[in-house]
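# Results of the structural survey
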Number of protein chains: 2
Amino acid sequence: MHDLRTIRAKSGTNQEGTSAHNRRVVIEAIRLNGPLSRADLARATRLTKQTISNLIESLEADGLVASEDVVRGARGQPSTPYRLVPEGAFSLGVQIDRHLTRVVAVDLMGREVARVVANLPAGGPAEGSKLILGLIETVRRDLAARFPDSVHRLAGLGVAMPGPFGLPPSDDDTWMMAQWQSFPLVETLAAGTGLATSLQNDATACATAERMNGSADGLDHAVCIYFGYGIGAGLILGGELYTGSNRNAGEIGMVLFSRGGTQSPLEHRSSLASLFQHLGLDSATTEAYADVERLTLADDPRILDWLEGAAADMRQAVHMVETIFDPQTVILSGSAPEPLAKRLFEAMFPLIPSNADRPDRSLPRLQIGMVGPWAVALGAAAEPIRRAFDPLFSAILKEAP
Amino acid sequence: MHDLRTIRAKSGTNQEGTSAHNRRVVIEAIRLNGPLSRADLARATRLTKQTISNLIESLEADGLVASEDVVRGARGQPSTPYRLVPEGAFSLGVQIDRHLTRVVAVDLMGREVARVVANLPAGGPAEGSKLILGLIETVRRDLAARFPDSVHRLAGLGVAMPGPFGLPPSDDDTWMMAQWQSFPLVETLAAGTGLATSLQNDATACATAERMNGSADGLDHAVCIYFGYGIGAGLILGGELYTGSNRNAGEIGMVLFSRGGTQSPLEHRSSLASLFQHLGLDSATTEAYADVERLTLADDPRILDWLEGAAADMRQAVHMVETIFDPQTVILSGSAPEPLAKRLFEAMFPLIPSNADRPDRSLPRLQIGMVGPWAVALGAAAEPIRRAFDPLFSAILKEAP
DNA sequence: ACATTTAAGTCAAGCCATTTGACTTAATAG
DNA sequence: CTATTAAGTCAAATGGCTTGACTTAAATGT
């Protein structure tokens, strides 16, 4: 009998796992394709019409799907398409960035239904988490006022903040996020809200947002480059988010790049932080962001100067992730002022030739994100939704007793 | 009704999927932990004792597991551990490299049971594939002579060759692999052998080998750097092999690295090909390999010179994959002469500090592979075994009718 | 018009893998 | 030598998917 040495093994599954998987498959199919009839779903999922009927009945009873108007026009009995019910589930998300925090609520479709933004106090995570709990309460009340049912339909709380996680504080930590990373944030927020709480880095959250309602809709292999104070990549690999063994996958900001003979992390030259530094702006002020926007629109030479160098590094970063991940597409997303993001995107062309130049491509090699500055917060919020409703391998497995 | 536009959806599952998954989970548990009793398996997989008994009975009938001697020594009824039966399944693998080809047969444990190696004829894939079919036939006969039952227990044929796949031939193709890549190799070998045939790149195959019987045993997140004529990375992400959207993931040899102000693909400076070039050896001769081994053992200054530069690039490559993938460990494997591989490995220390320097590490950041020069062939052969017996998400899904 | 064809969706019985709970077996501990 | 602990079996029950026949309802074609 092995009880001291823990046995390494995957968990088995049973009929509950089967049914859980099939429910998720139905939900995802409708999410990706729009309203579908039972017959459509049966064909697409390879389940029988009867099974689909049972699942639809149960999903409808749970308020997750609803029928639309009967569709005529083809031979045979007219079909009844089913759509997702946005109010079928809700979820909360928190973005913690260097100087501000955003809290949003989203519905089953990942669409924003409530939001708050606030500056983070200087007091660090002890103070900050109290503030955040207050903001969550505000959003929750707002949500409850508009959707009274939402109280029983909260999938959880997703938190996103800059990584990397679990490392000893480095002397390179100019943004003082280290104290946040050593703070028991998930535990504090879980205790304070009573919600199932999960944590991911901002780039991963951004990828989730782009996948839910953006440029990565329905893609199984995509890299989402998040350009903000720092820079990172959110990874969608094989249809699922990939976060590595310690949730630090995709930290491309720390990859060493060479320019002009010197080697330094990408983040030191291609990030908002690097731009602030280049411009001599104090990133602690809220004006820095607006200043950048203004200077960009004015074609300030210092911006153009920085852009040239940043774009060169970004081209290389795109080449690197294409070569390493072989994705269907790369998405440039982030929280930079929109005009700057647009300029940077444009300055990145022409891209460096890579393995991604295939004759059979259907998507552009590089796309710009579609979600906007709230992407990270929305992605954080969408994470519990996806975990609860997406077909995942882990979802079929039996849980600990 | 949607019949023209194909509906994007995952497949559903049913009881067969459940049982298929549970069988695989049992097999994997025994593979990872060594012989286990039914009670152990029930605890580890969270299935009931009865279910495990049913599965074991079926697996035993299929000749995949067998009981060992009863274990006494603890309270209660003595337990009967079950082990995998190596002869329960076999599989064939082909490695195609620039100038040679290896064919092996492996058993359920991934251990070699037959092998052949031959030089590839100059005639290209049309000639070459005929030769390979002949070698496969030889190995098959050898296998059948030793294990008459193996005829009915062949899981398939795995093929491994250098990537990238599906790209227009580049002018950089100094090894003339392009004609192989445009040749319908899988179809030819499948038709010629009647076996289910699959293709992967050499680095991926190497990772499979290290996972089956090497340094990556049981790891869910590992990067296997394959150092051969070229250089690539095999990716084990989230417990499964990751190959990207076009089987080209991990082609780190094509990532651009800077050294001394110039930028070039890693492969141009860190690969056997680069060493041959550095030494002025003709890589088309079989002696080149032996020459390198001899020169390495003689501490030839040109080798030491090359080593210094290559090690610098490799350090950077390790830093890059650690930062991007957040793996549990990185494995240096490949088909270089053993003394050279060892020297290179040693010259890579000290590693560049990275996110992988965690206080909670249990594995070394960089390990050397344990499989040896036949790693790619063995990995190619192991692939059908793993696909048939490992717990995979895809294995629970219903197949096309 | 009206029969034919086509397709959506339901019904009820059946199937199959897991579960349940009681039971048997067989060892060690005291 | 009894109590305890644990492995493993037995037989019935459960639950989710499947099967095949059936109903409903529209478009098509003569």
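Residues numbered from 1 in each chain as written. Chains lettered and ligands numbered in written order. Predicted model: local features only at pLDDT ≥ 70, side-chain atom pairs only at ≥ 80, totals over all residues. Heavy atoms only, no water.

## Concerning the relation of the copies chain A and chain B
Note on the copies: chain A fits chain B at an RMSD of 0.0 Å, the axial shift is 0.0 Å, and the rotation between them is 180 degrees. Such values leave the two copies arranged in the relation of a two-fold axis. Taken together, the interface assignments show that 100% of the residues at the interface of chain A recur at the interface of chain B, consistent with an identical surface on both copies. (Least-squares fit on C-alpha atoms with pLDDT ≥ 70 in both. Contact = heavy atoms within 4.5 Å.)

## Regarding the interface of chain A and chain B
Each partner contributes to the interface: chain A provides 80 residues, whereas chain B provides 80 residues. At the boundary of chain A with chain B, total buried surface from both sides reaches about 6,700 Å², with 53% on carbon and sulfur atoms. If you look at where chain A meets chain B, you find two salt bridges. Note that lysine 10 of chain A is salt-bridged to glutamate 28 of chain B, the shortest N-O span being 3.5 Å. Linking chain A with chain B are 33 residue pairs in polar contact (both at pLDDT 80 or more). Those elements giving two or more residues to the side of chain A that touches chain B turn out to be helix H1 (15-33), helix H2 (38-45), strand E10 (231-237), strand E11 (240-242), strand E12 (256-259), helix H10 (301-325) and helix H13 (393-396) of chain A. For the side of chain A that touches chain B, the element with the most residues is H1 of chain A, which contributes eight residues. In terms of residue class, the side of chain A that touches chain B is built from 35 nonpolar, 29 polar and 16 charged. (Buried area = accessible area lost by both parts, 1.4 Å probe. Salt bridge = Lys/Arg side-chain N within 4 Å of Asp/Glu carboxyl O. Polar contact = N/O pair within 3.5 Å; in protein donor to acceptor, adjacent residues only side chain to side chain. Helix = DSSP H or I, 4+ residues; strand = E, 2+ residues; numbered from the N terminus. Nonpolar A, V, L, I, M, F, W, Y, C, P; charged D, E, K, R; others polar.)

## Comments concerning the sheet that holds strand E2 (residues 65-67) of chain B
All names here are of chain B. Judged by pairing direction, the sheet is antiparallel, and its three strands sit side by side in the order E1-E3-E2 without closing on themselves. Here the strands that pair on one side only, and so sit at the sheet edges, are strand E1 (36-37) and E2. Where E2 lies against strand E3 (residues 81-84), three bridges are found, and the strand directions are antiparallel. Of the residues in E3, the one forming a bridge with valine 65 is leucine 84. Its contacts with the sheet place helix H1 (residues 15-33) against E1, E2 and E3, and it is angled at close to 90 degrees to E3. (Pairing = 2+ DSSP bridges. Axes fitted to C-alpha atoms, helices over the stretch in contact; angles between N-to-C directions.)

## Structural notes on the domain arrangement of chain A
All names here are of chain A. When cut into domains, chain A gives domain 1 (1-69), domain 2 (88-207 + 378-392) and domain 3 (216-370). If you average the C-alpha positions of domain 1 and of domain 2, the two centres end up 28 Å apart. Taken together, the nine residues of domain 1 in the interface contact twelve residues of domain 2. Across the interface of domain 1 and domain 2, roughly 890 Å² is buried in total on both sides, 49% from carbon and sulfur atoms. Looking only at domain 1, the three residues that lose the most surface to domain 2 are Arg24, Arg31 and Leu64, adding up to 63% of its buried area. Counting the contacts that link domain 1 with domain 2 gives one salt bridge. Seen at the junction of domain 1 and domain 2, the total is six residue pairs in polar contact (both at pLDDT 80 or more). (Domains from an automatic or database assignment.)

## Description of the environment of tyrosine 226 of chain A
Residues and elements named next belong to chain A. The residue tyrosine 226 is located in strand E9 (residues 222-227) in this model. As a C-alpha pair, tyrosine 226 and leucine 397 span 171 residues in sequence and 32 Å in three-dimensional space. In contact with tyrosine 226, not counting residues within four places along its chain, are Gln95, Asp97, Asp202, Ala203, Cys206, Ile231, Gly232, Ser333, Gly334, Ser335 and Val376. At a separation of 3.0 Å, a polar atom in the side chain of tyrosine 226 contacts the side chain of serine 335.

## Some details on the protein's contact with DNA strand D
Around DNA strand D, the structure places 32 residues, and the nearest of them are Arg72 and Gln77 of chain A together with Gln15, Lys49 and Lys398 of chain B. Between a sugar or linking oxygen of DNA strand D and a side-chain N or O atom of arginine 75 of chain A, the distance comes to 2.8 Å. At a separation of 2.5 Å, a base nitrogen of DNA strand D approaches a polar side-chain atom of lysine 49 of chain B. The set of elements that each furnish at least two residues to the surface near DNA strand D consists of H1 and helix H3 (49-61) of chain A together with helix H2 (38-45) and helix H3 (49-61) of chain B. Counting residues per element, the surface near DNA strand D draws most heavily on H1 of chain A, which supplies four residues. Broken down by class, the residue content of the surface near DNA strand D amounts to six nonpolar, 19 polar and seven charged. (Near = heavy atom within 4 Å.)

## As for the sheet that holds strand E1 (residues 36-37) of chain A
Residue and element names in this part refer to chain A. Taken together, the three strands give an open sheet; going across it, the order is E1-E3-E2, and neighbouring strands pair in antiparallel fashion. Both outer strands of the open sheet, E1 and strand E2 (65-67), are each paired with one neighbouring strand and no more. Along the sheet, H3 makes contact with E2 and strand E3 (81-84), crossing E2 at roughly 105 degrees.

## Structural notes on the protein's contact with DNA strand C
With respect to spatial proximity, 33 residues lie near DNA strand C, and among them Lys49, Ser53 and Lys398 of chain A together with Arg72 and Gln77 of chain B are the closest. For DNA strand C, the backbone portion of the atoms within 4 Å of the protein, that is sugar and phosphate, comes to 66%. Within the contact set of DNA strand C, a phosphate oxygen lies 3.1 Å away from a backbone nitrogen or oxygen of alanine 39 of chain A. Taking glutamine 50 of chain A, its side chain carries an N or O atom lying 2.7 Å from a base nitrogen of DNA strand C. Listed by contribution, the elements that provide at least two residues to the surface near DNA strand C are H2 and H3 of chain A together with H1 and H3 of chain B.

## Re H10 of chain A
Residues and elements named next belong to chain A. The end-to-end C-alpha distance of H10 is 35 Å, a good match for the 36 Å that 25 residues give at a rise of 1.5 Å each. The buried fraction of H10 is high, at 18 of 25 residues. Downstream of H10 by a residue or two, aspartate 326 has a phi angle that is positive, lying close to 50 degrees. (Expected span 1.5 Å × (residues − 1). Buried < 20%, exposed > 50% of the residue type's maximum accessible area, 1.4 Å probe, protein only.)

## Considering empty space enclosed by the protein
If you walk through the whole model with that rule in mind, you get three cavities of 30 Å³ or more. Considering only enclosed or pocket space, the largest cavity measures out at about 130 Å³ in volume. Leu256, Phe257 and Gln316 of chain A together with Leu256 and Gln316 of chain B are, among the 14 residues lining the largest cavity, the residues nearest its centre. Its residues assigned to classes, the lining of the largest cavity comprises eight nonpolar, six polar and no charged. (1 Å grid on protein atoms, 1.4 Å probe; cavity = no way out; pocket = protein on both sides within 12 Å on 5 of 7 lines; lining within 4 Å. Points joined across faces, edges and corners; volume = space filled by probe spheres on them.)

## Side note on the environment of phenylalanine 349 of chain B
Residue and element names in this part refer to chain B. Here phenylalanine 349 shows up in the loop between helix H11 (338-347) and strand E15 (366-368). The spatial distance from the C-alpha of phenylalanine 349 to the C-alpha of cysteine 224 is 17 Å, given a sequence separation of 125 residues. If we ignore the near neighbours within four places in the chain, the residues touching phenylalanine 349 are Arg315 and Leu366.

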